[in-house]
Structure formats: C-alpha cells, structure tokens
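# Summary of the model geometry
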Amino acid sequence: MATETASSSTLQDQYDALNAQITKQGSVVRQLKKDGAVADAIADAVQKLQALKLESSALQEQVNASSSSNSFQRKHFDDLMIRKMFIVPSFEIHGGVKGLFDLGPPACALKAAMIDLWRKHFVLNESMLEMECTALTPEIVLKTSGHVDRFTDLMVKDLKTGECFRADKLLEDAIDALLETNVPPLSSEEREQHLRVQRQADAYSPQELDELLLKYGAKGPSGEPFSPSFPFNLMFKTSIGPEGTSVGYLRPETAQGLFVNFRRLLDLNAGKTPFAAAQIGLGFRNEIAPRSGLLRVREFCMAEIEHFVNPKDKSHPNFGSVKDKQLVLFGRDDQLGSGKTKNVTVGDAVSSGLINNETLAYFMARTQLFMEKLGMDPQRLRFRQHLTTEMAHYATDCWDLEIQSSYGWVECVGHADRACYDLDVHSKATKTSMVATQKVDPPQKMEIAKLKLDRKLLGQAFKQDQRVVANALEALAENWADFEPIATALESNGSTSLEGFEITKEMVTWEKVSKMVHEIKFTPSVIEPSFGMGRILYSLLEHSFYQREQDEQRCVMRFNPQIAPEKCAVLPISPNAECNEIVDEIARDLMESDLSTRVDKSSATLGRRYARCDELGLPFAVTVDFQSVKDGTVTLRERDSCKQVRLHKDEVTMLIFQAVHNKITWETILSKYPNVQVDDGEGGNASAASGENGQDSTVIEGKFRRPKISILQS
C-alpha cells in the first residue's frame, strides 16, 4: 500500500509539473496572438501546446488508474437528478433547447436557500446596499462598458436555410473530415500542414477564414457555400418600444446597473466610502455551443458585489477577522513553475504581495467561508490567480475561486480589482461626475495647482466635450504631483494630450500653491466578487452526492440542514388514524415554524421511505410508531449516520429548528436523548446496534409490529 501511495504521489507531481508547462505555453500563445505575431510563429507555439496536452491526457489516465479513491458515479448521479427532478431540460416534450434547463422543486428550493444564505453572509453582515436592476439594457450602456464590441465570435450562415454556425469550428470539422477519409491519401507532411491550419482556426481574420472554408469545401446543410464570416455578438439583442428604433440587450452581467447608479448609492450612504452594493439576478449570454450541463448555459443566475474604495487606501476594517484564515492559493508563479498550490493564510498572502490588497483578500476569505457554510468539500476548493496575459489592461489583480467537480476545476466565483475603469468610462460617456470625497482628519497641508481656465477657448475647441476636459483638469489639479506632468508638457511643448483631447497652453494657466486640505476627491476603485450561482449549485449537487457503502443503489444527497430543500420528513409506521393524527400535528407545528416538511403516508416500507428522503437530502426524519400513541414519544433519525433517538413529540420542532440554524449538533442530540435501533423493513437495521456513550439501544422491530420491550429512559 505504501508503494502504491508513493507511486501515485510521484505521478501526481509529474502531472502537476506538466500542467504548469501547459499553462506557461498557453500564456505564450495568447501573447503571440495579442501581439499580432506571424501565423507560423503562432502555429509552432500551438503545436507545442497541443503536444503537451496530449502528454498530460495520457499521464492523467495513469494518475486515475493509480488512485485508490472511488470515481464519481455519473450514471447514478444523472439518474438521480432527473428521477427526483432536480434538473430537467427546458421544453423537453418539444425537443428541448441546448443551454436551457429548468430547476425542479428540490433544486429550486436549494437555490432559494443558497441565495438566502448568500444574502445573510454578505449583504446583511457587511451592511451592503442591495439593488434589483432591470435585465433589459439600452445599447449605449453596454457600448460604453465595452460589451457590444467584445462579446463576439465569427459566424457564417447557410444562405438558403438561414442557419448560423461558428466559423472556426466549421473549419476544424472540415479538416477532421478530410483527415478521417484520407481521400486522396495524404503524406505525413501534408497531414501536418492541415493540422497546423486546424490548430490556429480561432486566430484567423474573417477574410482568411472565408478563404480556408472555400479551400476545404465546407458547405452548409443546403449544399451551398456559406456566407462571408461576420461577427456574432453573444448578447441577446432586442428592440425597446414598438417603433423598433431603440436597440437594447438582455444584460450579460448584473454589474452595469450598479455602476450607473453609483452617484445615488453614494448619496444614500451619506457620501461615505468605502461601501459596497450588491445585486442578485439573471444574466444572459447566447452561447454558441452550450455544454457541461449547468456549467455553460444561456440564462444564469448571478450574485455580484461592487465594493467602492479609495484607490490609494485598499485596506479593509474587518481584515483582522479573516487574516488567519487559510486558503489554497494557485498563484501565477506556481502555475508557470511547480504547478502546485500552496496553503497560505490571508494575512501572509497580503504581506508577501501574493494578493494585491486587503480588501481583495478579505472578500476571498469571506467567499471561502461561504462555500464551507454551503457544504462544499474544502479539499476541492482553490483560488487561481489570473496570468498577466489573461487580465484586462486596467485590472490590478484577479483571482478565481475554482471548484473541482467531475468536469475538472471550474471557475465559479471571480474576484477582481477592476481599478477605476468602470466608473471612468461611464463618467466620460455621460459627462457625469463619478467622484467620492473623504475627510482628512486632521487637515493636511498639500501642494495643489490653482487653475484658471479659458472657457471660451475650451468651448471653441471641444464644444459639447468642454465640461469633460475641464473636469479632467480640475481633478488632476487636486494634487500637484498628478498635475505636474501636464504642466511640464505644456511648458515644454505648448500642448499635451489628456484623455484623448489635445490641450494647449493658451487654454489654461496655473499656479503651484499650498493649502490646508480638509477632504480629498477621488474616483473609487472597484473590488468585484462575482458569483455564478448556477455553477455553484451544480458543484454543490456533485459534492453532496454519495452512495451508501453497503448498497450503491442507495444514493444520498448530503445537504447541510441550513440549505436543505426540505428540513424534515414525518412518517407513520402504521396507516392507522391514531398515528396519522400525530403525524399531522407534528408536520403542522414544523411548517408553522418555517421548517419545510415532507409527509409520507404511503404503504412502502419504512426503509424505502427513508431512502426517498435521503435521495432528496432531508437531514432529519421523524417516525411515529405504536409507542407514540401510548406516551407521545417519537424517533428522530439523522440522514448520514442513520442513527436515531427517542424524544417527546413536543420537543421535535424546537430541536430541528436549533439544528437547522446551527445552534445544536447531532452529536449533542445523541448524548442528550436515548438512542434507538429500528428495523426498517428492508432486511437491515436503520442504525447501529448500540447507542452513544455506552447506552443500550431500544429495538423496534418490523414494519407494523409493536416493540417487544419498552423504551429505555436515559
């Protein structure tokens, strides 16, 4: 066994190191494409990347083969998801639509509980300002944010049928077909040439793609050549109003609604910074090739936070509460080097510069705590830092919380320091001030630039943009260090460029002066944690799924009581009126306490009904038996241990309420109440033969038979 473990560890080390090489080579490819390198250089880099990926795939098979852990049973999992209606394809009876899914009653309740926990964990605990903004967004807003230009892929159309296809994928498929048929026979050199074209399919211009599609004979379903390539925007476009003249989109993210409302939010917060705004809602992306279930869909729930902070002071007042929290971090140096993650405390990560600032690190730690509250496996959580080639030019630092599932490591929460970009672009486009102020206590003596603007010249030169230029100059004048480069350029050259405008020396005069500053003005930076709730929901379903050791057909969903879709089942051991009366009384009391409850009075065996509850993730089950009719006591079963205790029916609601709200643990309940052992009618006992703490267990036999002995009191 020790030898097997060592072998597995060695293979894993080799696999991690190889993945680091893949990450590094992938970064090289992205940089070459970004720099507009020649096609041959890109092709060579892509070829090296593909070779590394093939080697990694083969090594992964060896790692999986050497692992002694049980693999994920997807067949049983998928069967449970459909059978218990957690997730079903949308419009299934009409054939369904790719990328669209419906949540059935269990997943709908689970999602609602997740969102409720998210709101308590972040919005309430952090005193955030929550909004609900419209999903329908005017084009100008998304044009300003860059989404109209960025969310595009090259598409072609079948001119007869009107059907659209992704151009680069068609080229890849055409080359695959050529290589598979091998008609006419191809030499190894010719095959390699075709593969080289295929590997850089997504790097070609529209004109190059059109030529290659014709060269490889790619044709539409109608048998005719495709139309010329054209950019396809991944946003859902629509028109606002009956005239059809106002273009709008279904939002691809919720954040823009918060950015455009910044001034009102700041006023509502009495002008104080830092502060955070939050929003939970739907986003829409017209994915070309949806796949991987809920991981890539066209309509999805997002929960986003925009934390507005002084760009020169990104400390967080509550950082001390999380500084000792350990996170699994996969920094960019480790991705390009060892391929190994590191366990680092949040405080050490900030002090070493691994995480850029306290506020970003604080939200990463809070996200980890949220995931643990949900019931995610901490061993399958990590934070991966974006490589420099992945980050937007304005971003300071970005970390993704990745969750490991059967699909590998999946990005589920993004944490980005977006600097001042978002507020800046909306401010410039609307000529609206997006600045905050902060008191300086005690007042400080600062050097500033005292400006005198020639409004007439500014108006003649910039017309409607006059105010934008004036505001930009006045903002820089608040600090001489910021204005000095402008002053130097004007003195030396007579003109300079400011935010795309040409400023001349005649338009402005200045004087360097000192003054006591009581407050400073700044455009806030934005720290943005963005949660993909659909991906988190799917990952939680996988992490919660397991099968009983003694019977793999008995599937269980290990939901935390706090977020379980239903909290408790109430089951009669007999269908007689006396038992049913007690069942109804307990169920009514539970539901009046806002504890969702399932009642199962069917004729199935008790074990079968327990199994039904386990599949839905109910953490507790109350059984009303013949003893209940005598003295009002019932049994309480816990899902994962299958152990049971006996208590009076009047204590059930209080006890389950405390357990659901983390006020009491099952171990405490076991030590407090008599343990019992129940014959579930399925050929085995529902719990262990002996109670906790050395107590003897009462045996309740059979499906409808009275117990042979009385209940033992503790």
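Preceding block: the structure.
In what follows, the accompanying structure is described. Not measured: the values here are computed from a predicted model.

### Re the packing of aromatic side chains
Across all of its chains, the model carries 19 aromatic pairs by this definition. Seen in terms of ring centroids, F275 and F308 are 5.1 Å apart; in terms of plane orientation they differ by 40 degrees. Their pairing is tilted. You can see F275 sitting in strand β10 (residues 275-284) and its partner F308 sitting in strand β11 (residues 299-309), a full 33 residues away along the chain. Summarising the aromatic geometry, the rings of F620 and W666 are spaced 6.2 Å apart at their centres and angled 45 degrees between planes, so their arrangement reads as tilted.

### A closer look at the sheet that holds strand β15 (residues 397-405)
One open sheet accounts for 9 strands, arranged β3-β10-β11-β21-β16-β15-β14-β12-β13; its pairing is mixed. Each edge of the open sheet is held by one strand with a lone partner, namely β3 (129-131) and β13 (342-345). This sheet shows a mean twist of 30 degrees between the axes of neighbouring strands, independent of strand direction. Where β3 meets β10, 3 bridges bridge the pair, whose relative direction is parallel.

### Describing the sheet that holds strand β4 (residues 136-138)
Across the sheet, which stays open at both edges, the 3 strands sit in the order β4-β9-β8 with antiparallel pairing between neighbours. Sheet topology places β4 and β8 (236-240) at the edges, where each strand pairs with a single neighbour. Between one strand axis and the next, the sheet turns by 40 degrees as a mean value, whatever way the strands run.

### Things to note about unusual backbone geometry
In the segment running from T273 into P274, the intervening peptide bond is cis, with an omega of 0 degrees. Mapped onto the elements of the fold, P274 is located in the loop between α11 (262-268) and β10. D441 connects to P442 through a cis peptide bond whose omega is 0 degrees.

### Focus on the environment of W399
On the secondary structure map, W399 appears in strand β15. A polar side-chain atom of W399 sits 3.1 Å from a polar atom in the side chain of D397.

### Regarding the nonpolar core
In a soluble, globular protein the nonpolar side chains are often hidden away together inside. Judged by nonpolar contacts, the single largest core of 78 residues is most densely connected at W118, M371, F531 and I536. Apart from residues lying up to four places away in sequence, I536 is in contact with M114, M371, L374, M376, C412, V413 and F531. Core analysis: the second largest hydrophobic core is formed by 26 residues, C568, L595, L647 and W666 among them.

### With respect to the state of the cysteines
As enumerated under the stated definition, the model contains 0 disulfides in all. In this structure C642 is a free cysteine whose sulfur lies 12 Å from that of C613, the closest cysteine sulfur available.

### Concerning the pairing of strand β5 (residues 152-157)
In this structure, β5 lies alongside strand β7 (residues 230-233), joined through 4 bridges in antiparallel fashion. The residue of β7 that forms the bridge with T152 is N233. Sheet analysis places β5 next to strand β6 (residues 164-166), joined by 3 bridges and oriented antiparallel. Paired with M155 across the strands is R166, a residue of β6. Between β5 and β6, which follow one another and run antiparallel, lie 6 residues, and G162 among them has a positive phi close to 80 degrees.

Analysis parameters
Residues numbered from 1 in each chain as written. Predicted model: local features only at pLDDT ≥ 70, side-chain atom pairs only at ≥ 80, totals over all residues. Heavy atoms only, no water. Phe/Tyr/Trp six-rings, centres within 6.5 Å; stacked < 30°, edge-to-face > 60°. Helix = DSSP H or I, 4+ residues; strand = E, 2+ residues; numbered from the N terminus. Pairing = 2+ DSSP bridges. Axes fitted to C-alpha atoms, helices over the stretch in contact; angles between N-to-C directions. Polar contact = N/O pair within 3.5 Å; in protein donor to acceptor, adjacent residues only side chain to side chain. Core = buried A, V, L, I, M, F, W, Y, C linked by side-chain atoms within 4.5 Å. Buried < 20%, exposed > 50% of the residue type's maximum accessible area, 1.4 Å probe, protein only. Contact = heavy atoms within 4.5 Å. Disulfide = S-S within 2.5 Å.

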